[in-house]
Amino acid sequence: MRKDDRAVAGFFEDLAVMVFVLAGVSLLISAYVWSSMIAQAQTEQERLDYLAEDFVTRVVSQAMETGEGPAGPSVSVLRGLDLPAVAQESLVGRCVAASISVLHPYHQLVISFSSTDPCDALLTGYSVELMNAVDEAGMVVISEVRCVVW
Amino acid sequence: MSGRRWTDCHAQLAVMDAMIFFAVAGLVSSALLANSLGGPAEPGLEQADNLRARAADMLRAFLDASLGREVVVLSEGSELVVPASARVSYCIVTELAALENVADEGAFADMNDALSTVLRALSDPHVTAYACVYDMSAPGAILALPSPLPDSSNVYGSSCILGEELGAAYSIVLLLDPSPPLEGLHVG
């Protein structure tokens, strides 16, 4: 047998080096994958929030256009709003749950709508807006348009 | 003999290089994660922006809404009935005009209670809404709903001018206090 007088121990001598290098490389790869996943989730969250806000704005503008009088639309106009049509127009391939309810002077659910298609809901976008409406008794009520998009 | 020492030094250097590479990889990874977890904006700033927008939305809806119930104002023997359909902005301006004419503040207790009810209806479970009115020509709030105002610096608000059509200039501020209300809490 030849003596290892040059201190070359082959595979076992390089093992420590290999462990450090592999650990460093895997650390870099996992950090890159993790941060890109977070960035992707943030972009998706912003997108969902924007879609929810856009949906609520469309509902409010449609109610204002349809409604009569300076005090805002009537509650019956709000009840007759076609929320599925607005959802179909602005939220293609997304699921939505939306509602319009009166907050003052009484609590009343005016209209609600929810998508029936099954969607994955890992993230949700949310938006809410208040608007005034006139009820049957001539009172200016405060109504709220809420929307969750996923 | 001397050959062994020389090559050993080289082996040690390779491990050192690998360790330095690992340390640099760790630093780069932590910087990358810290940057992505930090996000584009601080969550506190985003929440403040949302609360300010919510306050502006609530103030507009609050001023245009009806009072919701009939209110009786008793002042110096006369009785003024404010109908349930009266707008909040009209009620506030009427109260301020009466207070300017040295009316009894207690006469408007029922109206202030009705106005506070409107604000409570607007408040979320995690946010309490307050309204205060300032005379542009004098310091200090002349009307606070509900009274007293929150003693917190962590409030967000929106304001607008009120009573211009009557020749007066009042500034109404709607404040949102994100701390939970103490109402209903029983501390032993």
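Residues numbered from 1 in each chain as written. Chains lettered and ligands numbered in written order. Predicted model: local features only at pLDDT ≥ 70, side-chain atom pairs only at ≥ 80, totals over all residues.

Undergrad: So what's going on with the overall build of chain B? Which residues, and what values?
TA: Counting secondary structure elements, chain B contains 4 helices and 6 strands. Walking chain B from its N terminus toward its C terminus, one meets helices and strands in the order α-α-β-β-α-α-β-β-β-β. By sequence separation, contacts in chain B at least 24 residues apart represent 61% of the contacts at least 6 residues apart. (Helix = DSSP H or I, 4+ residues; strand = E, 2+ residues; numbered from the N terminus. Contact = placed C-beta atoms within 7 Å.)

Undergrad: A description of the overall build of chain A should follow, citing residues and the corresponding values.
TA: A tally of helices and strands in chain A yields 3 helices and 4 strands. Its C-alpha atoms give chain A a radius of gyration of 29 Å, more than 25% over the compact-globule value 15 Å for 150 residues. C-alpha atoms of chain A, sized along the principal axes, occupy 105 × 25 × 20 Å. When burial is assessed residue by residue, chain A has 29% of its 150 residues classed as buried. Considering only contacts in chain A between residues 6 or more positions apart, those separated by 24 or more positions represent 69%. (Rg over C-alpha atoms; globule rule 2.2 N^0.38 Å. Buried ≥ 20, exposed ≤ 12 C-beta atoms within 10 Å, placed from the backbone.)

Undergrad: Outline the nonpolar core, supporting the account with residue identities and numerical values.
TA: Ranked by size, the top nonpolar core spans 65 residues in total, and within it A:Phe55, B:Met58, B:Phe62 and B:Val88 carry the most contacts. In contact with B:Val88, not counting residues within four places along its chain, are B:Phe62, B:Leu63, B:Ala65, B:Leu67, B:Leu115 and B:Val118. (Core = buried A, V, L, I, M, F, W, Y, C linked by C-beta atoms within 7 Å.)

Undergrad: Summarise the pairing of strand β1 (residues 71-75) of chain B; cite the residues concerned and give the values.
TA: Regular strands place side chains that alternate from one sheet face to the opposite one. Residues and elements named next belong to chain B. Sheet topology places β1 next to strand β2 (residues 78-82); 5 bridges connect them, and they run antiparallel. Within β2, the residue paired with Ser75 across the bridge is Ser78. What sits between β1 and β2 in their antiparallel hairpin is a turn of 2 residues, with Glu76 showing a positive phi close to 50°. (Pairing = 2+ DSSP bridges.)

Undergrad: Just give me the short version of the sheet that holds strand β3 (residues 128-135) of chain B, but keep the residues and values in it.
TA: All names here are of chain B. The antiparallel open sheet is built from 4 strands, whose spatial order is β4-β3-β6-β5. The sheet terminates laterally at β4 (141-145) and β5 (156-162), the two strands that pair on one side only. Neighbour-to-neighbour, the strand axes of the sheet open up by a mean angle of 20°, direction not taken into account. Sheet analysis places β5 next to strand β6 (residues 170-177), joined by 7 bridges and oriented antiparallel. What sits directly across from Ile161, in β6, is Ser171. Each of β3, β4, β5 and β6 is contacted by helix α3 (residues 88-100), which is oriented at about 140° to β4, the strand it contacts most. Against the sheet, helix α4 (residues 109-122) engages β3 and β4, with an angle of about 60° to β4. (Axes fitted to C-alpha atoms, helices over the stretch in contact; angles between N-to-C directions.)

Undergrad: Quick one: what's the story with the sheet that holds strand β3 (residues 125-134) of chain A, residue by residue and with numbers?
TA: Taken together, 4 strands build an open sheet; the order of strands is β2-β1-β4-β3 (chain A) and the sheet is antiparallel. On the outer flanks of this sheet lie β2 (108-114) and β3 of chain A, each paired with one strand and no other. On average, each strand axis in the sheet is tilted by 15° relative to the strand beside it, whichever way the strands run. Direction of pairing for β3(A) relative to strand β4 (residues 140-149) of chain A: antiparallel, over a ladder of 10 bridges. When the bridges of β4(A) are listed, A:Val128 appears paired with A:Arg146. Here helix α3 (residues 83-90) of chain A sits on the sheet and contacts β1 (96-104) and β2 of chain A; the angle it forms with β2(A), its principal contact strand, is near 40°. Across the sheet, α4(B) touches β1 and β4 of chain A, and the angle it forms with β1(A) is around 170°.

Undergrad: If you had to explain the interface of chain B and chain A to someone new, which residues and values would you point to?
TA: Between chain B and chain A, the contact holds 34 residues from the first and 33 residues from the second. When contributions to the side of chain B that touches chain A are tallied by element, the ones reaching two or more residues are α1 (2-38), α2 (43-64) and α4 of chain B. Considering each element in turn, the side of chain B that touches chain A owes the most residues, 19 residues, to α1(B). Here the side of chain B that touches chain A is built from residues that sort into 19 nonpolar, 9 polar and 6 charged. (Nonpolar A, V, L, I, M, F, W, Y, C, P; charged D, E, K, R; others polar.)

Undergrad: Describe unusual backbone geometry, naming the residues involved and giving the relevant values.
TA: Here the amide bond leading from A:His104 into A:Pro105 is cis, since omega sits at 5°, within 30 degrees of zero. Relative to the elements of secondary structure, A:Pro105 occurs in the loop between β1 and β2. The step from B:Leu145 to B:Pro146 runs through a cis peptide bond, and the omega angle for that step is -20°. Locating B:Pro146 in the fold gives a position in the loop between β4 and β5.

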